Amino acid sequence: MTAHFSPACDLSSHSSFNSSSNPLSIYVGRFAPSPSGLLHFGSLVAALGSALQARRHHGAWRLRIEDVDIARIVPGAAAAILATLENFGFEWDGEVMWQSQRIDAYMAALETLKAGNHVFPCACTRRELEEMPGATLARDGSLRYPGTCRAGLPPGRKARAWRVRAEGQIDFVDAIQGQQTEDLARDAGDYVILRADGLFAYQLAVVVDDAAQGVTHVVRGADLLGSTARQIQLQRLLGLPEPAYAHLPVATNAAAEKLSKQTRARAIDTLSPARALVAALDFLGQTPLPELSQASPADVWAWALAHWRLDRVPRRMHRVAPVIET
Ligand SMILES: [Zn+2]
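Residues numbered from 1 in each chain as written. Predicted model: local features only at pLDDT ≥ 70, side-chain atom pairs only at ≥ 80, totals over all residues.

Trainee: Can you help me understand helix α2 (residues 77-87) in this one?
Mentor: Because an α-helix packs 3.6 residues into every turn, residues spaced three or four apart end up facing the same way. Those residues of α2 that fall on the buried side of the exposure criterion are Ala77, Ala78, Ile81, Thr84 and Leu85. Buried residues of α2 fall within an arc of 125° about the axis and therefore sit on the same side. In this structure, α2 carries Ala79, Ala83, Glu86 and Asn87 as exposed residues pointing more than 90 degrees from its buried face. In this structure, the buried side of α2 is in contact with α1 (41-56) and β2 (60-65). (Buried ≥ 20, exposed ≤ 12 C-beta atoms within 10 Å, placed from the backbone. Helix = DSSP H or I, 4+ residues; strand = E, 2+ residues; numbered from the N terminus. Arc of directions from axis to C-beta. Contact = placed C-beta atoms within 7 Å.)

Take a look at the structure:
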């Protein structure tokens, strides 16, 4: 199954994929923050864009806490994220999914991939890979795996991690960023799905969880655009539905660094929800009325639900975040 995005207001469209004019089609969106810190403006943009696109299609909007990487979890962050979302007027459907409770599902997916010979055990340490002569870089700047263990573990070596055989070309149309194509072997290389520290990698967890939550449309930050081809490959290898994708511009600071705990992005929970929501709408190209900053969050949501259009989102990978007055 492949889903497609379509402009929410385009009632003249006769496309059967236009869920706003076709009551039989289903839209399920989601927001999936990792509890490695408090929500900052960049996470608010992703939450708002995904929620509005889902609501404009009369769809569901689900929440997932991506706490699979336990080393990066900040105690109390997950509860604070949920409280901030509620305070900002977000309403999610169903139970929150926690990746830390999904290990059995990831294990089952790994077994499926093993049975199809789509993965192989890898004994290489990071240092060995870094010191490999003639190493080349993947598209994301990481070292591309040179294939050392592809045909079997070297004698006397034990498996540390499991890697997916990156093969074939993936083409997809991103609803904001346009046509994308990736040669998996050349642009990504064989990638880890079970890490040497025993944790499942993000790429596997996100694919298994999107399928389990019935997600049909993924709206998220463009920092994940480069992961999408690998995720589509995993969906195909696992026989899972392929959601449609839309990647929003990522919010950066003035030095063009992605907002994160590392760049000391300010947490949004101390801001006026209405002001922050209006700033996020403006960032997403929606031209909200300035006086909405003085209104209630409910008024901002009402305006946003009536006016949201995905085709107004700037077709850019990143934008500088605004300064929001307190
Ligand atoms: Zn290896």
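Now that the structure has been shown, the text picks up again.
Trainee: I would appreciate a short explanation of the nonpolar core in the present structure.
Mentor: The nonpolar side chains of a soluble globular protein tend to be buried, and buried together. Ranked by size, the top nonpolar core spans 57 residues in total, and within it Leu44, Val45, Leu277 and Ala280 carry the most contacts. The greatest single-element share of this core, amounting to nine residues, is contributed by α1. Setting aside residues up to four positions removed in sequence, Ala280 forms contacts with Phe41, Leu44, Val45 and Leu48. Leu110, Cys124, Ala166 and Leu194 belong to the second largest nonpolar core, which has 30 residues in total. (Core = buried A, V, L, I, M, F, W, Y, C linked by C-beta atoms within 7 Å.)

Trainee: Mind showing me how you'd approach the sheet that holds β2 here?
Mentor: Strand order across the open sheet formed by three strands is β1-β2-β3, with parallel pairing between neighbours. The open sheet has two edge strands, β1 (28-31) and β3 (97-98), and neither has a second partner. In the sheet, β1 pairs with β2 via four bridges, with the strands oriented parallel. Following the sheet pairing, Arg30 is matched in β2 by Arg62. Those strands touched by α1 are β1 and β2, and its axis lies near 165° from that of β1. (Pairing = 2+ DSSP bridges. Axes fitted to C-alpha atoms, helices over the stretch in contact; angles between N-to-C directions.)

Trainee: What should I look at first to understand the pairing of strand β7 (residues 178-183) in this one?
Mentor: A regular strand places its side chains on the two faces of the sheet in alternate fashion. Inspection of the sheet shows strand β6 (residues 169-174) paired to β7 by six bridges, in the antiparallel sense. Bridge assignment links Asp174 to a residue of β7, and that residue is Gly178. Between the antiparallel neighbours β6 and β7 lie three residues.

Trainee: What's the story with the confidence of the model for the protein chain in this structure? I'm lost.
Mentor: When pLDDT drops low, the exact placement of atoms in the prediction is not to be read closely. Per-residue confidence for the protein chain averages 90 on the pLDDT scale, and 91% of its residues sit at or above 70. Per-residue pLDDT stays below 50 along residues 7-23; that stretch engages in 29 contacts with residues further than four places along the chain or on separate chains. (pLDDT = per-residue confidence, 0-100.)

Trainee: Sorry if this is basic, but what is going on with the packing of α1 against helix α8 (residues 273-283) here?
Mentor: The description of two helices packed together rests on the angle between their axes and the distance between the axes. Where α1 contacts α8, the axes come no closer than 10 Å and their chain directions differ by 75°. When the interaxial angle is binned, α1 and α8 end up roughly perpendicular. Residues Phe41, Leu44, Val45 and Leu48 of α1 form the contact with α8, whose own contacting residues are Ala276, Leu277, Ala280 and Phe283. For the contact of α1 with α8, a count of residues per class yields eight nonpolar, no polar and no charged. (Parallel < 35°, antiparallel > 145°, perpendicular 65-115°, else oblique. Nonpolar A, V, L, I, M, F, W, Y, C, P; charged D, E, K, R; others polar.)

Trainee: Help me understand the packing of helix α3 (residues 103-115) against helix α6 (residues 202-212) in this model?
Mentor: Relative orientation of the contacting elements α3 and α6 amounts to 105°, with a least axis distance of 10 Å. Classified by the angle between their axes, α3 and α6 sit roughly perpendicular to one another. Residues Ala105, Tyr106 and Ala109 of α3 form the contact with α6, whose own contacting residues are Leu204, Ala205, Val208 and Ala212. Classifying every residue of the contact of α3 with α6 gives seven nonpolar, no polar and no charged.

Trainee: Hey, could you run me through the sheet that holds strand β8 (residues 191-194) in this one?
Mentor: As a general point, the strands of a sheet are linked pairwise by backbone hydrogen bonds and lie either parallel or antiparallel. The strand order across the open sheet formed by three strands is β4-β5-β8, and the pairing between neighbours is antiparallel. In this open sheet, the two edge strands, each paired with only one partner strand, are β4 (119-122) and β8. When strand polarity is set aside, the average angle formed by the axes of neighbouring strands in this sheet is 45°. In the sheet, strand β5 (residues 161-164) pairs with β8 via three bridges, with the strands oriented antiparallel. What sits directly across from Trp162, in β8, is Leu194.

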